[in-house]
Amino acid sequence: MNSNDTTTTPDNTPGRTPPDKPGDGSPVLSGLLRLLGAIERAGNKLPHPFWLFAVLSAILALVSWVLAAADVSVVDPASDKTVAVRSLVSADGVRSLITDAVTNYATFPPLGTILVVMLGVAVADKSGMLTAMLRAGVSRVPARWMTFALAFTAMIAHIASDAAYIVLVPLGGLAFRAIGRSPILGIVVAFVGVSAGYDASPLITPVDAVLSGLTTAAAHTVDPDYVVTPLSNYFFSLASSVVLAGVITFVTEKVLVKRVAALPPEPEENTAEPGLGELAQRPEEARGLRRAGLTLLVFLAVVVVMMIPSGSPLRGEGGSIVESPVLSGIAVVLGLLFAVLGAVYGRATGTVRGSRDIPDFMAQGMREMAPILVLFFAISQFLAYFKWTGVGQVLAIRGADLLKDLGVTGPIAFLGIVVICTVINLAMTSGSAMWALVSPVFVPMLMLLHIPPEATQAIYRIADSCTNAITPMSAYFVMTLGFLQRYRRSAGIGTLASLTLPLSVAMLVAWTLLFYAWWALGIPLGPGAPVR
């Protein structure tokens, strides 16, 4: 299936918009569809992100050569040292390209973090625990709470990364039909919760590991010792998950219910009742989740008890909790936690039969990480070149000076980042790739305006998420359309976009306002991560 497919029904012919879709012919939606079509065509012409960063590296080499020839330099306000642009096509540059390539990749901050976390997540996933958790989140919810429960379960589902789409979107349709509501609503709520709320979760997710690593690398342009941990946005992310679930619920019940009710029934609509067994937990799954839950409580209790003594090795220098090994090494803690929970669940359900299954699950998870590892190689080289040439520092310092001269404050700069990244996200749906592209400029530039990297990363999360639900550049948008067509065969891009657009816009506005309120109140974004 692709975004240009047209379904043939008794009421429409190929190549024409089905006539039984009220509102699809409105000027606003028509304009939106033309815009989405243009974005789709432009985005399809972009190379794979690997080659995109290879091309950007080549452009950077040319730019560095020109700027170095022009003796471009700036004074670093943090050290009062002069930073001059160095050319990648010089003798030193060529030597660096060859001798530093392995080091650039091996020391790339997100690499080790995401690999360690995913070792544990792979065990939890392959044992079936994550899928069972998602099903448990919606299987026994009262009908009046189903929308909120499904939306909030989508926030929890981010722990499963892209697998959340595959599990939860069809599950949403089944859950809504099981309580006598339109499965179309369930599919849309689940899809928007996973996609438009992708960077918000009450749990620490692999996305936190990737973003914090890239932010750390970008912050090193100004401060080589600065570290952004996966917990740096946790408080804000936790609050965001609750607020966004509420926004999804409100817009769904006040707007989308009427929109779906206005769709005329069609002969092809799937009216068969779903197998409720697909939603209900099996006894062994319930037993496994109970044991995993008890294990989680014991694990957390042990960590807390071990951190109580002031001289505990789990405390940082001077007995600090914020700088403790538990927080600075959170990737190891999370990896171990998920591996233990997955093993306990697997033993209870029979999916883990012996000790050798654990490393086998880890190996399967690493195989699925291969595309990310390949992309990380290209990204790590580009960021290393950006730092070595000094182009990143020059852009950041000149940009910060320009913002100061224009009187631009933090809140105005935040709005600019939201607008720029939201537009880019329509075509570049890979959050890590986009952050790798823009963080080397935004993070150090705002650091020079005394805005911490954690705040820049938090505002980026908003821009990286909300438009995921309306762009056909996302493979999961097309996948969701396929699930939608199970219940409404004439559904097209216009149908799905008309349902996701109100949610996407409402979430973008509400999430941005939440950040500004957070900023105004000065609430920490996470442990040891001030917003200002």
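Note that this is a predicted model, so its numbers are computed, not measured.

Enquirer: Describe the packing of aromatic side chains, listing the residues and the values that go with them.
Expert: Aromatic ring pairs are reported here in terms of the distance separating the ring centres and the angle at which the planes meet. A full pass over the atoms with the stated rule returns 11 aromatic pairs. With a centroid separation of 5.8 Å and 85 degrees between ring planes, the pair formed by Phe 236 and Phe 515 is classed as edge-to-face. Highlighted residues: Phe 236 in helix α11 (residues 234–261) and Phe 515 in helix α22 (residues 493–521), separated in sequence by 279 residues. An aromatic cluster of at least three residues, connected via ring pairs, comprises Phe 236, Phe 414, Phe 515, Tyr 516, Trp 518 and Trp 519. A cation over an aromatic ring shows up here: Arg 86 above the ring of Trp 388, its NZ or CZ 4.0 Å from the ring centre. We note Arg 532 situated over the ring of Trp 519; from NZ or CZ to the ring centre the distance is 5.8 Å.

Enquirer: For a positive patch on the surface, give the residues involved together with the corresponding values.
Expert: A surface patch of like charges, here positive, comprises Arg 140, Arg 287, Arg 290 and Arg 291. By the secondary structure assignment, Arg 290 is in helix α12 (residues 283–307). Of the residues examined, Arg 290 reaches a relative accessible area of 54% and is grouped as exposed.

Enquirer: Hey, could you go over α22 for me, with residue numbers and the actual values?
Expert: Between its terminal C-alpha atoms α22 stretches 41 Å, which fits the 42 Å expected from 29 residues at 1.5 Å a residue. Of all bends in α22, the biggest is about 35 degrees, found at Thr 500, and the proline Pro 502 comes one to four residues later.

Enquirer: Give me the lowdown on the nonpolar core, citing residues and values where you can.
Expert: Counting residues in hydrophobic clusters, the biggest one holds 133 residues, and the most contacted among them are Leu 168, Val 192, Phe 236, Ile 379 and Phe 515. At 11 residues, α22 tops the list of elements feeding residues into this core. Those residues within four positions of Phe 236 in sequence are excluded, and the remaining contacts are Ala 458, Ile 462, Trp 511, Leu 514, Phe 515, Trp 518 and Leu 525. The next biggest cluster of nonpolar side chains, apart from the first, holds 6 residues, and it includes Ala 339, Ala 343, Val 352 and Ile 358.

Enquirer: So, helix α15 (residues 357–368): which residues are in play, and what are the values?
Expert: When the terminal C-alpha atoms of α15 are compared, their 17 Å separation across 12 residues agrees well with the 16 Å that a helix rising 1.5 Å per residue should span. Within α15, the full set of buried residues consists of Asp 357, Ile 358, Phe 361 and Gly 365. Projected down its long axis, α15 carries its buried residues within an arc of 105 degrees, all on one side.

Enquirer: Let's hear about the environment of Ala 132: which residues, and what values?
Expert: Along the chain, the position of Ala 132 falls in helix α6 (residues 129–139). A C-alpha to C-alpha distance of 9.0 Å links Ala 132 and Gly 288, two positions 156 residues apart in sequence. Contacts of Ala 132, omitting those with residues within four sequence positions, involve Gln 281, Leu 289 and Tyr 345.

Rules and cut-offs
- Residue numbering note: each chain is counted from 1, following its sequence as written.
- With the structure being a predicted model, the display of local features is reserved for residues of pLDDT at least 70 and the display and counting of side-chain atom pairs for 80 or more, all residues being used for whole-chain, interface and lining totals.
- For the side-chain quantities, the full set of heavy atoms in the structure was used; hydrogens and water were omitted.
- Pairs were defined over the aromatic rings of Phe, Tyr and Trp, the Trp ring being its six-membered one, requiring ring centres within 6.5 Å. Orientation was assigned from the angle between planes: stacked under 30 degrees, edge-to-face over 60, tilted for the rest.
- Numbering of helices and strands starts at the N terminus; helices are DSSP runs of H or I of at least 4 residues and strands are runs of E of at least 2.
- Here, a charge over a ring means that NZ of Lys or CZ of Arg falls within 6 Å of the ring centre while also lying within 35 degrees of the ring normal.
- Patch building starts from residues that exceed 30% relative accessible area and form no salt bridge, then joins like charges within 9 Å and nonpolar side chains (Val, Leu, Ile, Met, Phe, Trp, Tyr) within 5 Å.
- The Shrake-Rupley method, run with a 1.4 Å probe, gives the accessible areas here. Residue values count only the displayed protein chains as cover.
- Note on definitions: salt bridges are taken to be side-chain nitrogens of Lys or Arg within 4 Å of carboxyl oxygens of Asp or Glu.
- When charges are counted, neither His nor the chain ends are considered; positive counts come from Lys and Arg and negative counts from Asp and Glu.
- Where a charge lies is defined by one atom per residue type, namely NZ (Lys), CZ (Arg), CG (Asp) and CD (Glu).
- Exposed residues in this analysis have more than 50% of their type's maximum accessible area, buried residues have under 20%, and partly exposed residues fall in between, with area computed by a 1.4 Å probe over protein chains only.
- Residue count minus one, scaled by 1.5 Å, sets the expected span of a helix.
- The bend at a residue is defined as the angle formed between two axes, one fitted to the seven residues ending at that residue and one fitted to the seven starting there.
- Grouping buried Ala, Val, Leu, Ile, Met, Phe, Trp, Tyr and Cys residues that are joined through side-chain atoms within 4.5 Å yields what is termed a nonpolar core.
- Any two residues whose heavy atoms approach within 4.5 Å at even a single point are treated as in contact.
- It is the directions from the helix axis to the C-beta atoms that the arc portrays.

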